[in-house]
Amino acid sequence: MTVIEQIKADYARFPEAQSYQIYAKDVYFKDPMNEFHGIERYQRMIGFIAQWFHNIELELHKVEQPQANTVITRWTLHFTAPTPWQPRISIPGWSELQINTEGLICAHIDYWNCSRWDVFKQLFAP
C-alpha cells in the first residue's frame with residue numbers, strides 16, 4: 001500500500017487504528033493548538049482526541065502530491081464536544097505532509113481554514 005493509500009485509509013477510520021509506521025520516529029507535527037517532535041507524542045495526541053471527543057469524522061475532500069516528497073490533504077474534522085450540551089464542531093483545513101528519503105512522513109503540518117476563535121464560538125452556537 002502506498003503512503004497516499006494509507007493516508008486515505010487512516011482518514012476514513014480516524015482516530016482509530018492509525019498507521020503510525022508510516023511516520024518517522026522524530027516526526028515534526030504542528031497545528032494551531034500543538035507543536036512537537038516525536039511519534040510517541042503524536043500517538044498521545046491522537047489518543048487524547050479519541051478519548052475526549054465523540055462521533056469523530058475526518059472527512060477527506062482531496063489528496064494531492066504536488067512534489068515527490070509532499071502530500072497535501074484537504075479535509076473537514078467533525079466531532080461532538082465533551083460538554084453537557086454536546087455541540088457539533090466542524091474544523092475545515094488542510095495538511096502538508098513531507099516525505100523523507102525513506103518514504104516516511106517526517107513532517108505533518110495542519111492548517112485550519114478558520115481561526116481558533118471561530119472554533120470556540122461553535123461551542124455556543126444555537
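Given the structure is predicted, the values throughout are model-derived calculations rather than measurements.

## Side note on the sheet that holds strand β6 (residues 105–112)
- Here we have six strands laid out as an open sheet, ordered β2-β1-β6-β5-β4-β3, and mixed in their pairing. Of all strands in the sheet, those with a lone pairing partner are β2 (35–37) and β3 (54–67), marking the two edges. Averaged over all pairs of adjacent strands, the angle between strand axes in this sheet comes to 20°, irrespective of strand direction.
- Bridge count between strand β5 (residues 88–99) and β6: seven bridges; the pairing is antiparallel. In the sheet register, Ser95 faces β6, and the bridge partner there is Asp110.
- Packing against the sheet, helix α2 (residues 39–52) makes contact with β1 (23–30), β2, β3 and β6, and its axis sits at approximately 60° to β1.

## Brief notes about helix α1 (residues 3–13)
- Those residues of α1 lying buried are Gln6, Ile7, Asp10 and Tyr11. Buried residues of α1, seen end-on, are gathered within an arc of 135° and therefore sit on one face of the element.
- Structurally, α1 contributes buried residues whose contacts are with β3, β4 (70–80), β5 and β6.

Criteria and thresholds
Residues numbered from 1 in each chain as written. Predicted model: local features only at pLDDT ≥ 70, side-chain atom pairs only at ≥ 80, totals over all residues. Heavy atoms only, no water. Pairing = 2+ DSSP bridges. Helix = DSSP H or I, 4+ residues; strand = E, 2+ residues; numbered from the N terminus. Axes fitted to C-alpha atoms, helices over the stretch in contact; angles between N-to-C directions. Contact = heavy atoms within 4.5 Å. Buried < 20%, exposed > 50% of the residue type's maximum accessible area, 1.4 Å probe, protein only. Arc of directions from axis to C-beta.

Shape is all these values report; function is a separate question.
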